[in-house]
Amino acid sequence: MQWQQVLGFVLAVTPLTLIPGTSFTLVTQRVIAGSRCDGVLVAFGSVCGLLVHAAFAAVGLSALVMASARALTVVKILGAVYLIWLGITTWRSAQHSPEPTGRVRWRLPWARLGGFGQGLWSNVLNPKASSVYLTLVPQFLAPGRPLAPQIAALAVAHMAVVLVWLLFWTSVVAAARRAVDTPQFRRGMSRLAGAALIVLGVRTATAR
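Described below are features of the structure shown in this document. Since the structure is predicted, the reported quantities are computational estimates derived from the model, not experimental observations.

### Brief notes about the packing of helix H1 (residues 3-18) against helix H8 (residues 147-179)
Then, in step 1: Where H1 meets H8, the closest approach of the two axes is 9 Å, and the angle between their N-to-C directions is 40 degrees. It follows from the interaxial angle that H1 and H8 lie oblique. Regarding H1 and H8, the two cross each other, and that crossing is right-handed. Within the contact between the two elements, H1 uses Gln5, Val6, Phe9, Val10, Val13, Thr14, Thr17 and Leu18 and H8 uses Gln150, Leu154, Ala157, His158, Val161, Val162 and Trp165.
Then, in step 2: For the contact of H1 with H8, a count of residues per class yields 10 nonpolar, five polar and no charged.

### A look at helix H2 (residues 22-33)
Then, in step 1: Over its 12 residues, H2 extends 16 Å from the first C-alpha to the last, a length consistent with the 16 Å expected when each residue adds 1.5 Å.
Then, in step 2: The element H2 is extensively covered by neighbouring structure, given that 12 of its 12 residues are classed as buried.
Then, in step 3: Within H2 the residues assigned to the buried category are Thr22, Ser23, Phe24, Thr25, Leu26, Val27, Thr28, Gln29, Arg30, Val31, Ile32 and Ala33.

### Thoughts on the packing of aromatic side chains
Then, in step 1: Within the structure shown, the criterion is met by five aromatic pairs.
Then, in step 2: Note on phenylalanine 9 and phenylalanine 140: the rings are 5.7 Å apart at their centroids and 75 degrees apart in plane angle, and the pair reads as edge-to-face. With phenylalanine 9 in helix H1 and phenylalanine 140 in the loop between helix H7 (127-136) and H8, this pair connects stretches of sequence that are 131 residues apart.
Then, in step 3: Residue classification places phenylalanine 140 among the buried residues on the basis of a relative accessible area of 17%.
Then, in step 4: Centroid distance phenylalanine 24 to tryptophan 169: 4.5 Å. Interplanar angle 20 degrees. Geometry classified as stacked. Residue phenylalanine 24 is found in helix H2, and its partner tryptophan 169 is found in helix H8; the two are separated by 145 residues along the sequence.
Then, in step 5: For phenylalanine 24, a relative accessible area of 18% puts it in the buried group.

Criteria and thresholds
Residues numbered from 1 in each chain as written. Predicted model: local features only at pLDDT ≥ 70, side-chain atom pairs only at ≥ 80, totals over all residues. Heavy atoms only, no water. Axes fitted to C-alpha atoms, helices over the stretch in contact; angles between N-to-C directions. Helix = DSSP H or I, 4+ residues; strand = E, 2+ residues; numbered from the N terminus. Parallel < 35°, antiparallel > 145°, perpendicular 65-115°, else oblique. Left-handed = near helix turned anticlockwise from the far one by under 90°. Contact = heavy atoms within 4.5 Å. Nonpolar A, V, L, I, M, F, W, Y, C, P; charged D, E, K, R; others polar. Expected span 1.5 Å × (residues − 1). Buried < 20%, exposed > 50% of the residue type's maximum accessible area, 1.4 Å probe, protein only. Phe/Tyr/Trp six-rings, centres within 6.5 Å; stacked < 30°, edge-to-face > 60°.

Spelled out as structure tokens, the structure:
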């Protein structure tokens, strides 16, 4: 793959990455409720979720899901339920006096994975992440060459862009927390993050 193709893909995917979404909201909530390390874990979990989508695209599973209205609906519902549950849990944790550290206890089967698991599943269950590899990636593939190495190269570039952005935002939120680190601020941010996750979940469920 030529470097011009990778650069073109990076320029195309960067504006999409900068739009606030689930990973952005999760990073904000985890850093406010926990620590900077929690935000870093969400960032790495999110890029690993992109790696899953890239692998699915390479073997054609994503195309199969996008071609089947029923399969796509199942993915959308699972993703929406996951986001709404995270939002409700975050909101309730703010309402009912969280632990002195501000750390949220997630009541999910994969809760032990913490921020990494939340970042991972938020992208794995996100149909929009899958659509990137079905609508945007093919425009930068060279015909007549093996697809898997090309998809891998573009996926690495995508992961790098997402990781740099989320780590930067983690540092911004961590700095803001140090400047205004009060229980009222943490509760307010938790409520805001919870509401944002619920809205994202509803939008995922209703998106066409």
